[in-house]
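The lines below spell out each chain.
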Amino acid sequence: MRLLLLLSLLFSALWSTQLDNRLQSIINNEPYQLSEHKNEQDIIRQLYGMNQNRPLWIGHAHNLNALREALQNPYFNYKYKDFHQSQIEQYTYLLHDQMNLDESSNELATLDIVLTRAYLALTNFIVQSDIDWDMVQDKIATLKETKDITANWEMVRKSSPSPSELFRAISSQNIHGFLQSLTPLPELHQELIDSLMFYQSIRSLPRIKYGKDLKLGDKYLYIEDIKKRLIITGDLQNKNNTNDIFDKELAQALYSYKDRFKLEQNGIVDKITVYYLNKPMHLHAQSIITNLDKLKVFPNKFPEEYIRVNLPDFTMDYYRNNNSILHMNAVVGRDVRPTPIFSSYMTYLELNPNWNIPENLVRKDLIPALIENPNYLKEHNIHAFNGWQENDEIKNFTIDKLLPYQDPEKGGIPYRFVQYPGDDNALGRIKFMFPNKYSVYLHDTDNKSLFARRYRVYSSGCMRLEQPFELLEVLKSRLKSSDISQINKYRNTLTNKVINFTEKLPVHTTYFTVFKRNGLTHFRKDVYEYDSFIESSQRGSYNRNNQTAQY
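Each chain carries its own residue numbering, running from 1 in the direction its sequence is written. Since the coordinates come from a predicted model, pLDDT governs what is reported: local features require at least 70, and pairs of side-chain atoms require 80 or more to be given and counted, while whole-chain, interface and lining totals use all residues. Heavy atoms from the whole structure form the basis of all side-chain values; hydrogens and water molecules are not counted.

Focus: helix 7 (residues 163-171)
Using the following cut-off: Relative accessibility decides the category of a residue: with a 1.4 Å probe and only protein chains considered, values under 20% of the type maximum give buried, values over 50% give exposed, and everything between is partly exposed. Secondary structure follows DSSP: runs of H or I at least 4 residues long count as helices, runs of E at least 2 residues long count as strands, and numbering of each begins at the N terminus. Of all possible arcs, the one meant is that of the directions from the helix axis to the C-beta atoms.
Within helix 7, burial applies to P163, L166, F167, A169 and I170. Projected onto a plane normal to the axis of helix 7, the buried residues spread over an arc of 155 degrees and lie on a single side. Phi turns positive, to about 55 degrees, at Q173, one or two residues after helix 7.

Laid out in C-alpha cells, this is it:
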C-alpha cells in the first residue's frame, strides 16, 4: 500500500510539473489579451487544484465523451464554433485502452488542458454567446447622437459558472445535465434550435422565376415551383399537390406563408411574395442564430404567470404555465421612439385615466400642434396647470408661454398638461400600470384603426392594446371582489378610478424577431435595428462547416 501511495504521489507531482509547463506554454502562445489569459489560467489552475492536480478528462471516459458530444451538439454549439476541437483532434490518437502515461505524459497533459479550455469556452458560450454585449449597448446609446433616438434595452447580464460549479459537474459526471441547466429560456431555445436545424437542412433550391401576379383559379407554369417551395417550408401540407393550378390548398398555404413573414394578406402571388420565397435559407438561419444569441440577455426563465409584449411582433400575451391564455394585437413605439426592453411588475390599473403628457412629448408633439392650431388644447380636452404640484388650472393658455421652452437647454417646462377622460383620450378608457423609469405602460386607445395595420409602430413608447377589457377580465383574479363590483359602474362614467392589485404581475417586453407559433417558424422585421447591431458585434467569426451553405 505504501508503494502504491508513493507511486501515486510521484505521478501527481510529475503531472503537476507537466501541467504547469504545458499550461504556461499553451496560454502564452494564444492570441488573447493578457486579462483573458490570466482569468482562464486562474480558473484552470483552480479546477486542477480541486482535483489534486490529477487529469480531469484523461482516464474519465464518461466525462470526456460527454464533453466531446456537447461540443458537436448544435443545442449547445449552434454556431459550430471550434472551441479547441481542432487541437483536441490532434491528440485523440493517444486515447486508447493501452495508453502509456509515462511515454505520453507531455502530450496527455496538453490534451487534458485543451479539453478543460474547451469546457470553459463552451460554458461561457452557453451563458453569454460570442457577442460583445457592451458593444451592442454602445450602438444603441449612439442612436441618441446620430438620430436623436432614445432607445433602452435593460439586458440581463450573466456571469460564467464558478470554478466550483464547473468542477462539481465533472466530479458528479453530469456534464450534459450541467450544460443544459445553463441554457437560458430552454423552451424558447429548443424551439429556435429546431427551426435552425430545419432551415439548415434545406439544401440548394432553384430560384422561382416570377411571371405575373396570380390569384385563386389561375393556371400558370410557375405555380408548380411555388407549390414545391411551400411544401418544403411546411406551409403546403399536401405533398402530392404540385400541379400548376392556383387552388384552395395553395391559397391556404399562401396565407400561412404570408402570416409567418407578415406579408400583406391579399390572396395574391406577387413580386413581393416571390422575392421572399427566393430568400436564401442561410439568411433565415442567421436570423434564428441572432435570436438564440438574444436569449442570453433575457432572464434564464420567465415566471409561471406573466405578461409579455413582443415588440417586433406587435402582440401581447398573457402566459400561465408556459401557455398563452390571452393573445392580442398591440401598437408599440415607432422606430424613432422605440418602446424600451425591460422587466417590471404590474401593480394597479386605472379606469377612465387622465393622461399627464410627458415633457418630451410636449416639446415634440404638443408645441407643434399648438403652433398649427391654437385651439388644440380645447378641442382635445387638454388642460394646462402651473407645474406638477399645483391644481389651479390656467385658463386660456396660449402658445407664447411654451415657445421659450422648445429648446431642452432652456430648462424644464414649468407647465403640466393633462388630457381628461373621454372617448378622445389618447389612453382610451383603461390603462395598466407597472411603474418604471420610462413612464410606459399598457393602455387602451382612441385610435382603433391602427390595429388593422401590418406594422403597428405608431406610439411614443407606450403599448396600446386592441382588446384591453379582455385583459381586465383575466386580471380580475388579482382584484378585490369589492373593486370588481365597481368596474361596470365606472365604465359607464368618465370618473377616474384607480384599482390596486392584490398580487403584482410580472411584465416583460421582449425583442424576438424569430419565434414559433402553431408549429411553424415566424420571422419579423428588425424594426429597431437591434438584430443588425448584434450581428455586427461578434467577438469572432464562426465556422458553419457545411451547415449553412450559400444557396
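Considerations on unusual backbone geometry
Even without glycine at this site, Q52 takes up a positive phi of about 55 degrees. Take Q52: it is sitting in the loop between helix 2 (34-50) and helix 3 (61-71). With relative accessibility at 53%, the residue Q52 sits in the exposed group. With phi around 65 degrees, S129 is a residue other than glycine that occupies positive phi space. Looking at the secondary structure, you find S129 in the loop between helix 5 (105-128) and helix 6 (133-147). When its relative accessible area of 6% is taken as the criterion, S129 is described as buried.

What about the pattern of salt bridges?
Selection rule: The salt bridge criterion pairs a side-chain nitrogen of Lys or Arg with a carboxyl oxygen of Asp or Glu, the two atoms within 4 Å.
On inspection of all chains with the given rule, the structure shows 26 salt bridges. A salt bridge links D293 to K79; the shortest N-O distance between them is 2.8 Å. Of this pair, D293 sits in helix 13 (residues 281-294) while K79 is found in the loop between helix 3 and helix 4 (85-91), placing the two residues 214 residues apart along the sequence. The partner of D313 in a salt bridge is R517, with the nearest N and O atoms 2.5 Å apart. Taken together, the residues D313 in the loop between strand 1 (305-310) and strand 2 (315-320) and R517 in strand 13 (residues 514-517) connect sequence positions 204 residues apart. Taken together, the shared-partner salt bridges connect K79, K81, D130 and D293 into one network.

Section: the packing of aromatic side chains
Threshold: Stacked, tilted and edge-to-face are the three classes applied to pairs of Phe, Tyr and Trp rings, where Trp contributes its six-membered ring and a pair requires centres within 6.5 Å; stacked means planes under 30 degrees apart, edge-to-face means over 60, and tilted covers the rest.
Evaluation of the coordinates by the stated rule reveals 28 aromatic pairs. Note on F314 and Y455: the rings are 6.1 Å apart at their centroids and 80 degrees apart in plane angle, and the pair reads as edge-to-face. Residue F314 is located in the loop between strand 1 and strand 2, and its partner Y455 is located in the loop between strand 9 (442-443) and strand 10 (457-459); the two are separated by 141 residues in the primary sequence. On the accessibility criterion, F314 (0% relative accessible area) is buried. Given the relative accessible area of 24%, Y455 is considered partly exposed.

Things to note about helix 3
Every buried residue of helix 3 is accounted for by N63, L64, A66, L67, A70 and L71. On an axial view of helix 3, the arc spanned by its buried residues comes to 165 degrees, and they lie on one face. Among the exposed residues of helix 3, those pointing more than 90 degrees away from its buried face are A61 and E69.

Here we look at the confidence of the model for the chain
Note the following rule: pLDDT expresses how confident the predictor is about each individual residue, on a scale running from 0 to 100. By the convention used here, residues are in contact when the closest approach between their heavy atoms is within 4.5 Å.
A residue-level look at the chain finds 89% of positions with pLDDT of 70 or above and a mean pLDDT of 89. Across residues 1-14, where pLDDT falls below 50, the model places five contacts with residues more than four positions away in sequence or in other chains. Note on residues 541-551: pLDDT under 50 across the span, and 30 contacts to partners over four residues away in sequence or across chains.

A short note on the pairing of strand 13
Stated precisely, the cut-off is as follows: At least two DSSP bridges between two strands are required for those strands to pair.
Direction of pairing for strand 13 relative to strand 14 (residues 520-523): antiparallel, over a ladder of four bridges. In the strand pairing of strand 14, V514 is matched with F523.

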